[in-house]
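Report on the structure
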Amino acid sequence: MNLLKNIQIRILAVLSALLLWMFVVGVENYVFLLPNEVQVKVTNLSQNVSVAKELSKVKIRYRKQDEAGTISPNEFEVSVDAQNLTEGEYNLPISAISKNPKVSVVAVEPATLNLRLEANTSKEIAVEAVVTGTPDKEFELKEVKLSSEKVKVSGASSLLGSLKSLPIKVNLDGTENADFSRKVTLEAPMEWNLNGKTVSFDPVVIQMEIEIRRKKPLVTPDSNSGSTPTTDETSS
């Protein structure tokens, strides 16, 4: 009786191990679709040209090991290689690499990207300080000074034509009660909607000097040396 029971237990253990193995193999061979699309980047771009056309986003299909966990778009590097390319339009294969060793890329959709390159051109545009928030309640913003009021921006001529100014944002969080400075590395703002199109700036860094001053007290009649006379006092 005990022998039969032991045999049944061993058979059950083998079946459980087999089912577990089939599940693991099934998961590792199952192809997942990343729910969020990934932006394509351009590598090895010559300094003489710029991306002149919006870069598309792609879908990633991948396999993963069971312990890989949740996968995010940041775990993939998706790019096209522009090495030795000059001005013109190209259809290039898209390369996708997983940064996670437990994840492998199966396919990229679409598999190619239409890349348009234009010769670089430059123009000067104004730099504008955009302040949000306020300093400490007993203080106020006096002035924002920039180390440069203009910046040279370089990129595709079709893109630069619409650019008028470069906003530099500084946020006051309500605690500022003295002057302070900040170095800002220039970047294209989201409002430009570059979506992969490339620009560069000269200078790359701008110094901001933010001047904060104490609010002046409100002047009221009672704050003068004498009180304001009443009508009876004036007539006497």
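First, a word on what this report is: a plain description of the structure on this page. Quantities reported herein were computed from a predicted structural model and do not represent experimental measurements.

Overview of the side chain of Ser-79
Locating Ser-79 in the fold gives a position in strand E6 (residues 76–81). What makes Ser-79 buried here is its relative accessible area of 17%. Apart from the residues within four sequence positions on either side, Ser-79 is in contact with Val-40, Lys-41, Thr-43, Pro-93, Ile-94 and Ser-95.

Notes on the sheet that holds strand E14 (residues 180–185)
Spatial strand order, E11-E16-E14: three strands in an open sheet with antiparallel pairing. Taken across any chain shown, the strands that pair with only one partner, and hence form the sheet edges, are strand E11 (139–146) and E14. Across the sheet, the mean angle separating the axes of adjacent strands is 25° when strand polarity is ignored. When E14 meets strand E16 (residues 205–214), the two strands line up antiparallel, connected through six bridges. Its bridge partner lying in E16, Phe-180 is registered against Ile-210.

A few points about the packing of aromatic side chains
In the structure shown here, the tally under the stated rule is four aromatic pairs. Here the aromatic rings of Tyr-30 and Phe-32 are separated by 4.9 Å at their centres, their planes lie at 75°, and the arrangement is edge-to-face. Judged by relative accessible area, Phe-32 falls into the partly exposed class, the value being 21%. Here the aromatic rings of Phe-32 and Tyr-62 are separated by 5.5 Å at their centres, their planes lie at 20°, and the arrangement is stacked. Residue Phe-32 is located in strand E1 (residues 32–33), and its partner Tyr-62 is located in strand E5 (residues 57–64); the two are separated by 30 residues in the primary sequence. Among the residues examined, Tyr-62 registers a relative accessible area of 6% and is labelled buried. In this structure an aromatic cluster arises from ring pairing among Tyr-30, Phe-32, Tyr-62 and Phe-76. The ring of Phe-32 carries Lys-64 above its face, with NZ or CZ at 5.2 Å from the centroid.

Topic: unusual backbone geometry
Residue Glu-109 is joined to Pro-110 through a cis peptide bond whose omega torsion reads 0°. With respect to the helices, strands and loops of the structure, Pro-110 is situated in the loop between strand E9 (103–109) and strand E10 (112–134). In this structure, the amide linkage connecting Asp-202 to the following residue, Pro-203, adopts the cis form with an omega of 5°. As for its placement among the helices and strands, Pro-203 is situated in the loop between strand E15 (199–202) and E16. Positive phi, close to 55°, is recorded for Asn-44, a residue that is not glycine. Tracing the chain through its elements places Asn-44 in the loop between strand E3 (41–43) and strand E4 (49–51). With relative accessibility at 49%, the residue Asn-44 sits in the partly exposed group.

Remarks on the side chain of Lys-197
Mapped onto the elements of the fold, Lys-197 is located in the loop between E14 and E15. Buried and without a salt bridge, Lys-197 has Glu-54 as its closest oppositely charged side chain, separated by 4.9 Å. When residues no more than four places from it in sequence are discounted, the contact partners of Lys-197 are Val-51, Ala-52, Lys-53, Glu-54 and Leu-159.

Calculation rules
- Residues numbered from 1 in each chain as written.
- Predicted model: local features only at pLDDT ≥ 70, side-chain atom pairs only at ≥ 80, totals over all residues.
- Heavy atoms only, no water.
- Helix = DSSP H or I, 4+ residues; strand = E, 2+ residues; numbered from the N terminus.
- Buried < 20%, exposed > 50% of the residue type's maximum accessible area, 1.4 Å probe, protein only.
- Contact = heavy atoms within 4.5 Å.
- Pairing = 2+ DSSP bridges.
- Axes fitted to C-alpha atoms, helices over the stretch in contact; angles between N-to-C directions.
- Phe/Tyr/Trp six-rings, centres within 6.5 Å; stacked < 30°, edge-to-face > 60°.
- Lys NZ or Arg CZ within 6 Å of the ring centre and 35° of its normal.
- Lys, Arg positive; Asp, Glu negative; His and termini not counted.
- Salt bridge = Lys/Arg side-chain N within 4 Å of Asp/Glu carboxyl O.

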